[in-house]
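Examination of the molecular architecture
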Amino acid sequence: MNKVYWTLFIHNEWRLYIAATEKGICYIGSPDKPYEEMEVWLTKRFPKYELAEDEETLTPYMNELKEYLDGLRRDFTMPVDLKGTAFQLTIWDALMKISYGEKKSYSQIAELINNPTAIRAVGTAIGANPVLITIPCHRVVAKSGALTGYRGGLEMKEKLLTLENGEV
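Bear in mind that the values here come from a model prediction, so they are computed numbers and not experimental data.

1. Examining the nonpolar core
- Counting 41 residues, the largest nonpolar core has I18, I91, L95 and V122 as the members making the most contacts within it.
- Elements supplying a minimum of two residues to this core: β1 (3–11), β2 (14–20), β3 (25–28), α2 (55–69), α3 (86–95), α4 (106–112), α5 (119–127) and α6 (154–165).
- Take this core: its biggest share by element is six residues, from α2.
- Apart from the residues lying within four places of it in its own chain, the contact partners of V122 are F87, I91, Y106, I109, A110 and I113.
- One finds A19, Y35, M38 and L42 within the second-largest nonpolar core, a separate group that totals eleven residues.

2. Focus: the side chain of E64
- Inspection of the secondary structure puts E64 in helix α2.
- Those residues within four positions of E64 in sequence are excluded, and the remaining contacts are R73, F76, T77 and M78.

3. Digging into the layout of surface pockets
- In this structure, the largest pocket occupies an estimated 160 Å³ of space.
- Every residue lining the largest pocket is listed: R74, D75, F76, M96, K97, I98, S99, I133, T134, P136 and R139.
- Its residues assigned to classes, the lining of the largest pocket comprises five nonpolar, two polar and four charged.

What counts and how
- Residues numbered from 1 in each chain as written.
- Predicted model: local features only at pLDDT ≥ 70, side-chain atom pairs only at ≥ 80, totals over all residues.
- Heavy atoms only, no water.
- Core = buried A, V, L, I, M, F, W, Y, C linked by side-chain atoms within 4.5 Å.
- Buried < 20%, exposed > 50% of the residue type's maximum accessible area, 1.4 Å probe, protein only.
- Helix = DSSP H or I, 4+ residues; strand = E, 2+ residues; numbered from the N terminus.
- Contact = heavy atoms within 4.5 Å.
- 1 Å grid on protein atoms, 1.4 Å probe; cavity = no way out; pocket = protein on both sides within 12 Å on 5 of 7 lines; lining within 4 Å.
- Points joined across faces, edges and corners; volume = space filled by probe spheres on them.
- Nonpolar A, V, L, I, M, F, W, Y, C, P; charged D, E, K, R; others polar.

Take a look at the structure:
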């Protein structure tokens, strides 16, 4: 049986669940959320997989996250294993092209995928991003520059943007 390996990532004030398959990271959760949030998400998207706690398998992923959170890494090299619709995958791919410290609006993302009227759909796809931080949906803000919804919470979004450029 295929496995999804998971662990609780703890680094400084950060406490969040992460999970990966043999193909790559598939889930990075919101800070301080319970195991059950991850379990529900994983069993829905990986129904034929067994969940297995395995910190050792996730160590390379945790190392990259620690380096990023310590300001020592700008780009992730870890592979990802994403489960989503074709539209979601297109949006998540577009998010990975936003440079460290850069911000884009939802309408700019819609334009990037050549679908300028799909702003709400873009927002919905961004909200479904399963891999926080690595797929940098925190870099997407309102057209006005205001911070808007984020699965990890606005406090997490603000911390990540501050980490990247010292301002919000």
